[in-house]
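Observations on the three-dimensional arrangement
Here are the chains, one letter per residue:
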There are 2 protein chains.
Amino acid sequence: MPNPTPIAAALPSTTPFVGPEALERAMGQPFALRLGANESLFGTSPLAIAAMQEAAARGHFYCDPEGFELRTEIAARFGGSIANVTLGAGIDDLLLLFARAFISSGDRAVTSLGGYPTFEYVVAGCGGLVERVAYRDDRVDLDALAAKAHEVGARLVYLANPDNPSGSWQTAAEVAAFCAALPPGCLLLLDEAYADFVPAAELPAISLDDPAVVRFRTFSKGHGMAGLRVGYVLAANEHIATPEKIRLHFSVNSVAQAGALASLRDPSFLAAVVDATDSGRIRLVEGAKALGISSLPSRTNFVCLDFETRARAESVLSALGERGVFVRKPGREPLDRCVRVTIGRPQDIELFLRILAEALS
Amino acid sequence: MPNPTPIAAALPSTTPFVGPEALERAMGQPFALRLGANESLFGTSPLAIAAMQEAAARGHFYCDPEGFELRTEIAARFGGSIANVTLGAGIDDLLLLFARAFISSGDRAVTSLGGYPTFEYVVAGCGGLVERVAYRDDRVDLDALAAKAHEVGARLVYLANPDNPSGSWQTAAEVAAFCAALPPGCLLLLDEAYADFVPAAELPAISLDDPAVVRFRTFSKGHGMAGLRVGYVLAANEHIATPEKIRLHFSVNSVAQAGALASLRDPSFLAAVVDATDSGRIRLVEGAKALGISSLPSRTNFVCLDFETRARAESVLSALGERGVFVRKPGREPLDRCVRVTIGRPQDIELFLRILAEALS
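Presented here is a report on the structure given in the accompanying data block.

Reading the values: rules and limits
Residues numbered from 1 in each chain as written. Chains lettered and ligands numbered in written order. Predicted model: local features only at pLDDT ≥ 70, side-chain atom pairs only at ≥ 80, totals over all residues. Heavy atoms only, no water. Salt bridge = Lys/Arg side-chain N within 4 Å of Asp/Glu carboxyl O. Buried < 20%, exposed > 50% of the residue type's maximum accessible area, 1.4 Å probe, protein only. Helix = DSSP H or I, 4+ residues; strand = E, 2+ residues; numbered from the N terminus. Pairing = 2+ DSSP bridges. Least-squares fit on C-alpha atoms with pLDDT ≥ 70 in both. Contact = heavy atoms within 4.5 Å. Buried area = accessible area lost by both parts, 1.4 Å probe. Polar contact = N/O pair within 3.5 Å; in protein donor to acceptor, adjacent residues only side chain to side chain. Lys, Arg positive; Asp, Glu negative; His and termini not counted.

Oppositely charged side chains can pair when the atoms bearing their charge come close. Evaluation of the coordinates by the stated rule reveals 50 salt bridges over all chains. The shortest N-O distance in the salt bridge between D141 of chain B and R136 of chain B comes to 3.6 Å. Judged by its relative accessible area of 46%, R136 of chain B falls in the partly exposed class. Several salt bridges converge on common partners, so that one network encompasses E21, R34 and E39 of chain A.

What follows covers the pairing of strand β10 (residues 302-306) of chain A. Residue and element names in this part refer to chain A. The element β10 is largely enclosed, with a buried count of five among its five residues. Burial of β10 is two-sided: the residues F302, C304 and D306 facing one way and the residues V303 and L305 facing the other way are all buried. With two bridges connecting them, strand β9 (residues 294-295) and β10 associate as antiparallel partners. Within the sheet, the bridge partner assigned to S295 lies in β10 and is L305. Connecting β9 to the antiparallel partner β10 that follows it, the hairpin turn spans six residues. Here β10 runs beside strand β12 (residues 338-342); their pairing, made up of five bridges, is antiparallel.

You can overlay chain B on chain A at an RMSD of 0.0 Å; the transform is a turn of 180° with a shift of 0.0 Å along its axis. Read as a symmetry element, the transformation amounts to a two-fold axis. Distance from the rotation axis, computed per C-alpha, reaches its smallest value in chain B at Q53 of chain B: 2.4 Å. By residue overlap, the copies meet face to face through one surface: 100% of the interface positions of chain B are interface positions in chain A.

Every contact between the two is made by 77 residues of chain B and, on the other side, 77 residues of chain A. Summed over both partners, the interface of chain B with chain A buries about 6500 Å², with 60% contributed by carbon and sulfur atoms. Put simply, chain B and chain A have four salt bridges between them. Residues E66 of chain B and R25 of chain A are paired through a salt bridge, measuring 3.1 Å at the closest nitrogen-oxygen approach. Remark: the boundary between chain B and chain A carries 43 residue pairs in polar contact (both at pLDDT 80 or more). When residues of the side of chain B that touches chain A are traced back to their parent elements, those giving at least two are α1 (6-10), α2 (20-27), α3 (46-56), α5 (90-102), α6 (117-125), α9 (237-244) and α10 (254-264) of chain B.

So, about the side chain of R100 of chain A. Of note, R100 of chain A is situated in helix α5 (residues 90-102). The side chain of R100 of chain A is buried and forms no salt bridge, while D93 of chain A, the nearest opposite charge, is found at 6.9 Å. A distance of 2.9 Å separates a polar atom in the side chain of R100 of chain A from the backbone oxygen of I246 of chain A. Ignoring sequence-local partners within four residues, the contact set of R100 of chain A consists of C126, I246 and R247 of chain A together with T5, L96, R100 and G125 of chain B.

In this structure, the amide linkage connecting N161 of chain A to the following residue, P162 of chain A, adopts the cis form with an omega of -5°. By the secondary structure assignment, P162 of chain A is in the loop between β5 (156-160) and α8 (172-181). With omega at 0°, the peptide bond leading from E333 of chain B into P334 of chain B counts as cis. Positive phi outside glycine occurs at N38 of chain B, with the angle close to 55°. Counting through the fold element by element, N38 of chain B comes out in the loop between β1 (33-34) and α3.

The subject of this paragraph is the pairing of strand β8 (residues 231-234) of chain A. Residues and elements named next belong to chain A. Alternating residues of β8 divide into G231 and V233 and Y232 and L234, and every residue in both groups is buried. Direction of pairing for strand β2 (residues 85-88) relative to β8: antiparallel, over a ladder of four bridges. Counterpart to T86 in the pairing with β8 is V233. Two strands pair when backbone bridges link them, and strand β7 (residues 213-218) and β8 are joined in this way by four bridges, in the antiparallel orientation. For T218, the partnering residue across the bridge sits in β8 and is G231.

Encoded structure:
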C-alpha cells in the first residue's frame, strides 16, 4: 500500500477545532445561541451581501487567481502596492502558506501555550516543532516568547494581537520592543485578526518594508464574513514573492472576493459593528459582574468570563451547553478558568445573561 | 533577514496559469468570448444559485469544517461513507493536499509531458521531482507512464481521464490494466475533472476500498461552479484519514458548500448541460471541418482544433486573441499544434466559428 510521508505518518489524528455543527449533530439539535466562535452576530454589510449574490450567479467563471481588485483596494488602504499583499482562504490558509515557506522538518516555531491551535497544527503538518511559552498575568508573555525564540533558534514566532483567547492586548511600543528583541533570522507572524476592534492609531506601526514581520488580517470578524473565508497578509515584497511560488492560486472564491471588496468599500458598516461591539462589551461585563462574575480586559469581539477555577468553568460551560448556548473554554492554564463569550447584539447579550443566571443558580 | 526553506528558496517564480483577467488587464479590454478555461457557459443550476444567494446572507457564520452534508450526499452517490470523501477548494487544493501527504523532498512523481501543470507545481512545492512521459498518438501513454513509475520508484502517478488538454480518453479496461501495472507503493492520482461528460457506466469501476487509487472530482465543469472552488476526493478510508491530519479544515466556504449540495440534488440540470455539450461538440467539430480544420477526439467540454504545426496554431491563437477570443494552446509537443476551445452554447459556438473563419482568412 502507498505510504504517506514520515511527517504525515507520525502525526496524531487531530483537528484544531470541532465545529458547532459537529456538536449539534452529536446533541441532535441546534444551538439556540452561537457565541463560541467569535462570529459577528451583526451580520455582513448589505452591500457585500448584494455583491456576493450577484457574484453567485456568475460562479461558472473561475475567480481571478491574482485577486487583483481586492489586493489593490487593500494595498491602497495601507499605503503599499499589491506586491505587499497576498490573499488566502482565511488566516488559517495563510498560516499554512507561511509554515510551508519557512518550516522544514525539525525547524522550531514559538507560540503561547493555549494560543491559536491552528498555528501549531500547520507547523506540525510541515514537520516543525512547536515550543510554547506560558501566559503571564493572563496576557502573552512577550519577554518569555523572545527568550524562547533565542533559546531554540526559532524560525517563526506567532503573536496574536489583540490576543485570542484572552482578549488581551499589547501596546504599539510593547510590540516594537518585542520585534527588536527577536533573534535575527526569526520571522514574526503577527496575527491581527481582531485589529478591526482597535483604533488604527493604536495599532503597532509596522513598515511594509520590514522583512522581520508578516501581518495577518481577516474579513471573518468585524466584516462578518467568517463563512466566506477571506484573509490577507501584509508584508515586505520578498515575503509575498516567496510564498507566491508555492501558494494555491484559486483559494479565495469569486463570491468571497466580491464580498470582501464591497465590504471594504462600506466603511460605515464596519464602524457601526465596532461601535456596537464596544457598547456590547460594556453591557456583557456589567451583566456578568451583577451575577458575581468578573471578566478579563478585552479589545476584541469577545470577553473571557473568569470563573476562578477550571472545575467551575467546566461546570458552567456544561450548564450553558445544556441550555443551548455554544461558547468555548480555553483549554490551558491560566485561562482554563475562563469561558470565552462572543459579544453579540443587545438581544443576544440579554439572552445570554438570562441563561447564565440560570446556569449559575 | 528571515530566509525561506531550501525548497521554497530554490523554486523559480512561476504560476501554473495566467488568468484571463490578467490578460484582459494587459490588453486594456475584456474578452468578447471566454473559451479558454473550460468554464461552463451553460451557467449554474438555478437551485444552486438560489442556495448560494441564501447562504451569502448567512456568511457571518463559519462554514462547517467537516462539510458533513455535502460529503454525506457525495458518499451516498458512490455507495461509500463520508470516511471515503474529502472536500477541497477545487482539485488544485486536493492535489496539494496529497502532495503534502505523500511527497518528501527528493521523492519522484510521474505525469504526462504537457499535462495539468498544477500537479507539477504542487509536487515541486513539496520538494518532489517530476518525471514526464510524452503523449503518444495525442493520448496519455499509459505503458510509458507505468514504465517510468517503475524506473524512478515513483510515489505518485498523475492521470487525467478524460485528459486535459487533449480531450482524449482511456477505457475502463485500459485504466484497470494501468493500475495493475503500477509498482507497489505508488499511488495513482486519477483526476476525473471531466467525468461528468462520460456516461457513468463507461468510467473505470474503482473500489472505494482500493488503496492504490485516489479519485478527484470537481464542481467546476459540468456543474458550472468553477468560481466557487469545490472539489472532492473519493478514496479508501486510510487515504482520507491521513490527509485529514494536515488538511485545512475551512477551505470550502459556506456559499460553495451550499451551492454544491443544491447542484448535486438537481441532476436534471447537469444532464441538460451534458446533452448540450454533446450537441455543441458535434457542431464545433463540423464547423471547424467546414473551414478545413480537423479536431482531436474529445469526451470533455472542450475540443482541440488541429492546426498541424505549432507555428500555425500560434498564429491562429494570436489572431483569435486580437479578435477578443480567449482560448489556450497546449504548450508541449505533440499537442502544441492545437488550440483548445471550450464548447459553449450554440450562440457561443457560432460566434467562435465566425471569428475563426475571419482569423484564418
